[in-house]
Amino acid sequence: METQKPKTKGEDTRSRISQSAAEALDECGYFGTSMNDILARSGAPKGSMYFHFPGGKEEVARSAIRQVGKEIAALLVQGLENEKDLSTAVATIFSYFRHRLVNGKFKCGCPVSTTALELSGRDSVVLEACNEAYASWMAVLEQALQRVFPPPKAAELTNTIFYLVQGSLLMSRVSGDISHLDNAQKHCMALLNTARAAP
């Protein structure tokens, strides 16, 4: 079994800054987040910020979105691989975001969606990173659904489940009411059951 090499001090600092940026983006949005906010959260010296991210806020935001995108994709892979029942596996997706909402007292939901909404329609490398993250999550889910459904059906179900997750996450966060996420999960389960029963 291949062991993962420990991070160097520089890699650890860069990762810490990216993680802090992701938290700030989730809570405050892209335009509400400043470099000083990220520095304060990370505890990194100002020189480190500009050494690792000479492109400034746009570069650190892109790094943050890519990092959180990979983290969530890895969690999805783990959840979907460990569960033979797709309904239970899809429930892990809702559980992850439900946990973020409740633990963050509805200040945190998904840093990718928060940032993407603000930057939509703009020519931005940060928005490109958001689209990459969405595409990677959908690819993981679609691959899992293809174990049960033919590719066209798996793609259709992936899109619908993804819409329900992201839409209900936004509604729950804005209203402070977790029931929107719970209702979306119920509809996803019904959708999967109906698709399985179809000839």
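Coordinates for the structure precede this section.
Report on the accompanying structure. (Residues numbered from 1 in each chain as written. Predicted model: local features only at pLDDT ≥ 70, side-chain atom pairs only at ≥ 80, totals over all residues. Heavy atoms only, no water.)

When helices and strands are counted, the protein shows nine helices and zero strands. In sequence order, the protein lays out its α and β elements as α-α-α-α-α-α-α-α-α. A globule of 199 residues ought to have a C-alpha radius of gyration of about 16 Å, and the protein, at 18 Å, matches this closely. Referenced to the eigenvectors of the C-alpha coordinate spread, the extents of the protein come out at roughly 60 × 45 × 30 Å. In the protein, which comprises 199 residues, the share counted as buried stands at 45%. (Helix = DSSP H or I, 4+ residues; strand = E, 2+ residues; numbered from the N terminus. Rg over C-alpha atoms; globule rule 2.2 N^0.38 Å. Buried < 20%, exposed > 50% of the residue type's maximum accessible area, 1.4 Å probe, protein only.)

Right, let's get into the environment of Gln146. Within the secondary structure layout, Gln146 lies in the loop between helix 7 (125–145) and helix 8 (151–175). Accessibility expressed as a relative area gives 37% for Gln146, which makes it partly exposed. As a C-alpha pair, Gln146 and Thr158 span twelve residues in sequence and 9.9 Å in three-dimensional space. Those residues in contact with Gln146 that lie beyond four places of it in its chain are Pro151 and Ala154. (Contact = heavy atoms within 4.5 Å.)

This part is about the nonpolar core. By size, the foremost hydrophobic cluster in this structure holds 55 residues, and its most contacted members are Val112, Trp137 and Leu145. Mapped onto this core, the elements with two or more residues apiece are helix 1 (9–28), helix 2 (35–42), helix 4 (57–82), helix 5 (86–103), helix 6 (111–119), helix 7, helix 8 and helix 9 (179–197). Setting aside anything within four residues of it in sequence, one finds Leu145 in contact with Leu86, Ala154, Leu157, Thr158, Ile161 and Leu192. (Core = buried A, V, L, I, M, F, W, Y, C linked by side-chain atoms within 4.5 Å.)

Of note, Ala198 is situated in the segment after helix 9. Along the primary structure Ala198 and Ser179 are separated by 19 residues, whereas in three dimensions their C-alpha atoms are 29 Å apart.

The next subject is a nonpolar patch on the surface. Residues Leu117, Leu170 and Val174 make up a contiguous nonpolar surface patch of about 320 Å² in total accessible area. Structurally, Leu170 is set in helix 8. Take Leu170: its relative accessible area is 43%, and that puts it in the partly exposed class. (Patch = residues over 30% accessible without salt bridge, like charges linked within 9 Å, V, L, I, M, F, W, Y side chains within 5 Å. Areas by Shrake-Rupley, 256 points an atom, 1.4 Å probe, with all protein chains shown as cover. Salt bridge = Lys/Arg side-chain N within 4 Å of Asp/Glu carboxyl O.)

Residue pairs three or four apart in sequence face the same way in an α-helix, which turns once every 3.6 residues. Helix length check: helix 5 (18 residues) gives 26 Å between terminal C-alpha atoms against 26 Å at 1.5 Å per residue, within 8%. Residues Leu86, Ser87, Ala89, Val90, Ala91, Ile93, Phe94, Phe97, Arg98 and Leu101 constitute the buried set of helix 5. Lys105, located one to two residues past helix 5, shows a positive phi value of around 55 degrees. (Expected span 1.5 Å × (residues − 1).)

Counted under the stated rule, the structure contains six salt bridges. In this structure, Glu132 engages Arg66 in a salt bridge whose closest nitrogen and oxygen atoms are separated by 3.6 Å. Of this pair, Glu132 sits in helix 7 while Arg66 is found in helix 4, placing the two residues 66 residues apart along the sequence. Among the salt bridges present, the one from Asp182 reaches Arg98, with a minimum N-O distance of 2.9 Å. Of this pair, Asp182 sits in helix 9 while Arg98 sits in helix 5; the two residues are 84 residues apart in sequence, bridging distant segments of the chain.

Moving on, we get to the environment of Ser48. Locating Ser48 in the fold gives a position in helix 3 (residues 46–52). Sequence separation of Ser48 and Phe94 is 46 residues, and the distance between their C-alpha atoms is 36 Å. Look past the residues within four positions of Ser48 in its chain and what remains in contact with it is Thr13 and Ile17.

Another aspect to go through is the packing of helix 5 against helix 8. The N-to-C vectors of helix 5 and helix 8 enclose an angle of 20 degrees; their axes lie 11 Å apart at closest approach. Judged on the interaxial angle alone, helix 8 and helix 5 are roughly parallel. In this structure, the crossing between helix 5 and helix 8 has a hand that is right-handed. Contact residues: Val90, Ile93, Phe94, Phe97 and Leu101 in helix 5; Ile161, Val165, Gln166, Ser168, Leu169, Ser172 and Arg173 in helix 8. Split by residue class, the contact of helix 5 with helix 8 holds eight nonpolar, three polar and one charged. (Axes fitted to C-alpha atoms, helices over the stretch in contact; angles between N-to-C directions. Parallel < 35°, antiparallel > 145°, perpendicular 65-115°, else oblique. Left-handed = near helix turned anticlockwise from the far one by under 90°. Nonpolar A, V, L, I, M, F, W, Y, C, P; charged D, E, K, R; others polar.)

This part takes up the side chain of Thr13. Within the secondary structure, Thr13 sits in helix 1. For Thr13, a relative accessible area of 10% translates into the label buried. With residues up to four places along the chain from it excluded, the contact list for Thr13 reads Ala44, Ser48 and His52.

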